[in-house]
Structures are given as C-alpha cells and as structure tokens.
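Listed here are the chains, written in short residue letters.
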Amino acid sequence: MTPRTPKLDRGQVVDAALDLLNEAGLDGLTLRAIAARLDVKAPALYWHVKDKQALLDEMATEMMRRMTGRAGTDHPEGDWRETYLTTMRALRAELLRYRDGAKVYSGARFTDTSYAAGLDASLRVLVEAGFTPARAARAWQTAYSYTIGYVIEEQAMGPNPFDGEEGYDVDSRAERLAAHPLAAESGRVMFQDFDEGFEQGLAAVLAGVEATLLG
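It should be emphasised that the depicted structure is a prediction, and the values quoted were computed from it without experimental measurement. (Residues numbered from 1 in each chain as written. Predicted model: local features only at pLDDT ≥ 70, side-chain atom pairs only at ≥ 80, totals over all residues. Heavy atoms only, no water.)

Leu-29, Ile-34, Leu-55, Met-59, Tyr-84 and Tyr-105 are the most contacted members of the largest nonpolar core, which has 52 residues in total. Going through the elements one at a time, α1 (10–24), α2 (31–38), α3 (52–71), α4 (80–95), α5 (101–105), α6 (116–128), α7 (133–157) and α10 (194–212) are the ones with two or more residues in this core. Setting aside its immediate chain neighbours within four residues, Tyr-84 contacts Ala-139, Trp-140, Thr-142, Ala-143, Val-205, Leu-206 and Val-209. (Core = buried A, V, L, I, M, F, W, Y, C linked by side-chain atoms within 4.5 Å. Buried < 20%, exposed > 50% of the residue type's maximum accessible area, 1.4 Å probe, protein only. Helix = DSSP H or I, 4+ residues; strand = E, 2+ residues; numbered from the N terminus. Contact = heavy atoms within 4.5 Å.)

With that settled, consider the packing of aromatic side chains. All told, the structure shown has eleven aromatic pairs when counted by the stated rule. Ring plane angle 15 degrees and centroid distance 5.5 Å describe the contact between Tyr-146 and Phe-198, whose orientation is recorded as stacked. Taken together, the residues Tyr-146 in helix α7 and Phe-198 in helix α10 connect sequence positions 52 residues apart. Three or more aromatic residues joined by ring pairs make a cluster, and in this case those are Trp-80, Tyr-84, Phe-131 and Trp-140. (Phe/Tyr/Trp six-rings, centres within 6.5 Å; stacked < 30°, edge-to-face > 60°.)

Looking now at the confidence of the model for the protein chain. Averaged over every residue, the pLDDT of the protein chain is 90; the share at 70 or more is 94%. Confidence drops under a pLDDT of 50 for residues 1–5, and excluding neighbours within four residues, the segment shows zero contacts in the predicted structure. (pLDDT = per-residue confidence, 0-100.)

Attention now goes to the environment of Ala-117. Among the secondary structure elements, Ala-117 is positioned in helix α6. Among the residues examined, Ala-117 registers a relative accessible area of 49% and is labelled partly exposed. When the C-alpha atoms of Ala-117 and Thr-68 are compared, they prove to be 9.8 Å apart, with 49 residues separating the residues in sequence.

For α1, spanning 15 residues, the distance from its first C-alpha to its last is 21 Å, which sits close to the expected 21 Å at 1.5 Å a residue. Taken as a whole, α1 has its buried residues at Val-13, Val-14, Ala-16, Ala-17, Leu-18, Leu-20 and Leu-21. Those residues of α1 that are buried lie in contact with α2, α3 and α5. At the N-terminal boundary of α1, the capping side chain belongs to Asp-9, with an oxygen 3.1 Å from the backbone nitrogen of Gly-11. Positive backbone phi, approximately 75 degrees, marks Gly-25, located one or two places after α1. (Expected span 1.5 Å × (residues − 1). Polar contact = N/O pair within 3.5 Å; in protein donor to acceptor, adjacent residues only side chain to side chain.)

Written as structure tokens, this is what we have:
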C-alpha cells in the first residue's frame, strides 16, 4: 500500500519559500520552484496562496512573527528614544537574515495581527513621552521606512553573505568619477561600512523626529 503524502499546509509553503529565497533570491522565487521543493504540483499551492504577491505577504508576516518571537513578549519600557532605536535595529537585523529580505518585506500586507500588540506598545511609549497619537504614528513610520529602504540598498550594493559575492567596487566607481571628486569619494561612505551608515542615518532620523514631532 502506497503511504499517503502528508497534507500540505500554508506554514510549509512559507517555510519552503523563505528557504528558497536565501538560495535563489527574489528573482528565483517562483511558485513552480517552491512546488518542486515540496514535491508537489504547482496547482497544489494555490489552495494556500492565490498568487506571488499573496505569497510575499505571507512571507513578510512570518518574518514579523519570527522577529516578534526573538524579541519576546515584554512591552518596551523606559526612554522612548531607546525603544525607537532598539526596534529599528531589530528590524534591520531580521531583514538581513534573508536574501532580498527587505524587498520581500517592503509594501507587504500582513496576513494576521501578530504584529499589532508590539506596535501598539511601542506607539504607547511615544504617546506617554508627549507625542500625539498622530505624531507618534508619523514618527514610527519615518524610522520604519528609513530602515526598510536602507536595507534594500544595503542588500543590493553590499557584500552578499548568501553566495559570497563582494559588494559594489567603490575603487572602480571612483576612477570613473575622477572628474567629480566629491561624487567619487561619496561611494566610500555610501557603499561601505553599512553598520556605521545605518546608525548615523538612524540617529539623524531620531533627531529630526524629536525636533519636529515631539510636543
């Protein structure tokens, strides 16, 4: 008697998609390739995800769940600035766990409310520090957008830890732009030392938010 194939569920599809993402990148992420990994026919996946955007939404939601799990269930406390910085650092670290992770995450619509408690608690820290609810939301969106955008560029231009490729050749860039010395040297700032660059930019966002939205 032939053993029955275990029933496929949405979690298996998403886990396989995230594994494939790290191997092949976003360009190689197809429903056909995921089906082959799961040893099923591609139409079987449509019971769980109607199209690629629905798959990306599920993947982003799972990334958020994993980040929330690593952060724990404690609500943020203390100075709002530290909450602000710590959460964005955690978001960047999570996106970097996946090849093209920031592209997957950008613009995705979460498929459940697992993110809501953490977001509500973080916004409450800002409100209790003196932000209005509307300005707290704007402050959060500003850093959130900065972080995702930064990581998209970081993953496109920096070294790729998933396949060993080196990052953008800033020396060759500088040679091509030799007639424009400031533009030439800017590459050594923009396309190297991504950790330092993120922290400097995040500090600038924090300072701007505090100066324009608090109070």
